[in-house]
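These are the residues of each chain, in order.
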Amino acid sequence: MKENDFYINVNDLTHIYETRTGDVLALEDVSFKVKKGEFFVILGPSGCGKSTLIKILSGLLTPTKGDVFVNGQRVVEPLKKVGIVFQSPILLKWSTVAENILLPVTALGLPVKDYIDKVDELLELVGLQDFKDKYPRELSGGMQQRVSIARALILEPDFLLMDEPFGALDAITRDVMNFELLKIWEKKNQTILFITHSIDEAALMADRVMVMSPRPGRVEYSVDIELERPRTLETRTTEAFRRYVADLYKKLDITHMK
């Protein structure tokens, strides 16, 4: 593919945090490319710089060295056409589900009335159409994260950045959310950059997985996941899936992590 055929281009990123006790090298010479509409997963251990990478990609953090291009434009300030989902839903407890989804709209001073129908559409998409007027305390953890995903979609972003969005959920709820997200992605056809430290989750979700080393984060390995879509529970029972998981375990080499 040509350079301009890629939606995201990350070139030689290095980031150093200056701390009271000395400099911390978080990322070192990280380069990769993501195609438009791709479900791209970054897999790595805690502390390998994955969240730092999310901040740089969204324009919230300026790298020490290197650059990022999104849709051909160099990222030099916070992006407007990006949705971000964090591990914690970060919902306002005094606001209803609908009000939480509308937060990006109100934060930018856009007319709320223009997005009311969009809220209803997104609530149906994430399966919460009967919870529009509920408060976060009335929702389960998985339901709260669905609200967070809907909020990330309200401004119809070009792509989604997801930083271990299901890491705080129990195993069963996490499985449900994985498949719900895949359904949303298949309907929306958006570019997703998804961060996780779960090998099984990476293999299940991704078109491509990039493995990062322990800090400082470097690109260790990249592999296309050529499993049939749509992915289902049966996907996990296939020999091909087990091979990908075994390969990623080997490349991540968790036995040598400190």
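Residues numbered from 1 in each chain as written. Predicted model: local features only at pLDDT ≥ 70, side-chain atom pairs only at ≥ 80, totals over all residues. Heavy atoms only, no water.

Q: What am I meant to see in the overall build of the protein chain here?
A: Helix and strand counts for the protein chain stand at eight helices and ten strands. Compactness check: the protein chain gives a C-alpha radius of gyration of 18 Å against a globular reference of 18 Å for 258 residues, within 12% of the reference. Principal-axis analysis of the C-alpha atoms gives the protein chain an extent of 50 × 45 × 40 Å. Relative to its full complement of 258 residues, the protein chain shows a buried share of 48%. (Helix = DSSP H or I, 4+ residues; strand = E, 2+ residues; numbered from the N terminus. Rg over C-alpha atoms; globule rule 2.2 N^0.38 Å. Buried < 20%, exposed > 50% of the residue type's maximum accessible area, 1.4 Å probe, protein only.)

Q: Before we go on, may I ask you to explain the pattern of salt bridges in this structure?
A: Where charged atoms from two side chains of opposite charge approach closely, those side chains can pair. On inspection of all chains with the given rule, the structure shows 18 salt bridges. Lys50 is paired through a salt bridge with Glu164; the nearest N and O atoms lie 3.6 Å apart. Of the two residues, Lys50 is situated in helix α1 (residues 50–58) and Glu164 in the loop between β7 (159–163) and α6 (171–188); the sequence distance between them amounts to 114 residues. Exposure remark for Glu164: the relative accessible area of 11% places this residue in the buried category. Via salt bridges that share partners, Lys118, Glu121, Glu156 and Lys188 belong to a single interconnected network. (Salt bridge = Lys/Arg side-chain N within 4 Å of Asp/Glu carboxyl O.)

Q: Is there a simple way to think about the environment of Thr238 in this case?
A: Looking at where Thr238 falls in the secondary structure, it is placed in the loop between β10 (219–224) and α8 (239–252). Relative accessible area serves as the criterion here: at 29%, Thr238 is assigned to the partly exposed category. Sequence separation between Thr238 and Leu227 is eleven residues; the distance between their C-alpha atoms is 9.4 Å. Within the structure, the side chain of Thr238 is placed 2.8 Å from the backbone oxygen of Thr235, a separation counted as a polar contact. (Polar contact = N/O pair within 3.5 Å; in protein donor to acceptor, adjacent residues only side chain to side chain.)

Q: Looking at this structure, how should I read the environment of Leu233?
A: Tracing the backbone shows Leu233 in the loop between β10 and α8. With a relative accessible area of 55%, Leu233 lands in the exposed category.

Q: I keep staring at the packing of helix α5 (residues 141–153) against α6 and nothing clicks. Help me out?
A: Each pair of packed helices can be summarised by the angle the axes make with each other and by the distance between the axes. Direction vectors running N to C along α5 and α6 enclose 25°, while the axes themselves pass 11 Å from each other. Of the possible angle classes, the one that applies to α5 and α6 is roughly parallel. Note on packing geometry: the crossing formed by α5 with α6 is right-handed. Contact residues: Gly142, Arg146, Ile149 and Leu153 in α5; Thr173, Val176, Met177, Glu180 and Ile184 in α6. Residues belonging to the contact of α5 with α6 are distributed by class as follows: five nonpolar, two polar and two charged. (Axes fitted to C-alpha atoms, helices over the stretch in contact; angles between N-to-C directions. Parallel < 35°, antiparallel > 145°, perpendicular 65-115°, else oblique. Left-handed = near helix turned anticlockwise from the far one by under 90°. Contact = heavy atoms within 4.5 Å. Nonpolar A, V, L, I, M, F, W, Y, C, P; charged D, E, K, R; others polar.)

Q: Any chance you could explain the pairing of strand β2 (residues 22–35) here in plain terms?
A: Where a strand is regular, its side chains alternate between the two sheet faces. Relative to β2, strand β1 (residues 6–19) runs antiparallel, the two being bridged by ten bridges. When the bridges of β2 are listed, Asn9 appears paired with Lys33. Two successive antiparallel strands, β1 and β2, enclose a turn made up of two residues. (Pairing = 2+ DSSP bridges.)

Q: Help me understand the confidence of the model for the protein chain in this model?
A: As a note on interpretation, predicted positions should not be read in detail where pLDDT is low. Scored by pLDDT, the protein chain has a mean of 90; 96% of the residues are at 70 or more. Within the protein chain, no element has a lower average pLDDT than α6, which sits at 89, and none a higher one than strand β3 (residues 39–43), at 96. (pLDDT = per-residue confidence, 0-100.)

Q: Hey, could you run me through the packing of aromatic side chains in this one?
A: Between two aromatic rings, the relevant description is the distance of the centres plus the angle of the planes. One pass over the full model with this rule turns up five aromatic pairs. An angle of 80° between the planes, with centres 5.4 Å apart, marks the rings of Phe39 and Trp185 as edge-to-face. Residue Phe39 is found in strand β3, and its partner Trp185 is found in helix α6; the two are separated by 146 residues along the sequence. Judged by centre distance (6.1 Å) and plane angle (50°), the ring pair of Phe166 and Phe194 falls under tilted. Residue Phe166 is found in the loop between β7 and α6, and its partner Phe194 is found in strand β8 (residues 191–196); the two are separated by 28 residues along the sequence. With a relative accessible area of 1%, Phe166 lands in the buried category. Note on Phe194: relative accessible area 0%, which makes it buried. Site record: aromatic cluster; members linked through ring pairs are Phe39, Phe166, Trp185 and Phe194. Taking NZ or CZ as reference, Lys33 lies 6.0 Å from the ring centre of Phe6, over its face. (Phe/Tyr/Trp six-rings, centres within 6.5 Å; stacked < 30°, edge-to-face > 60°. Lys NZ or Arg CZ within 6 Å of the ring centre and 35° of its normal.)

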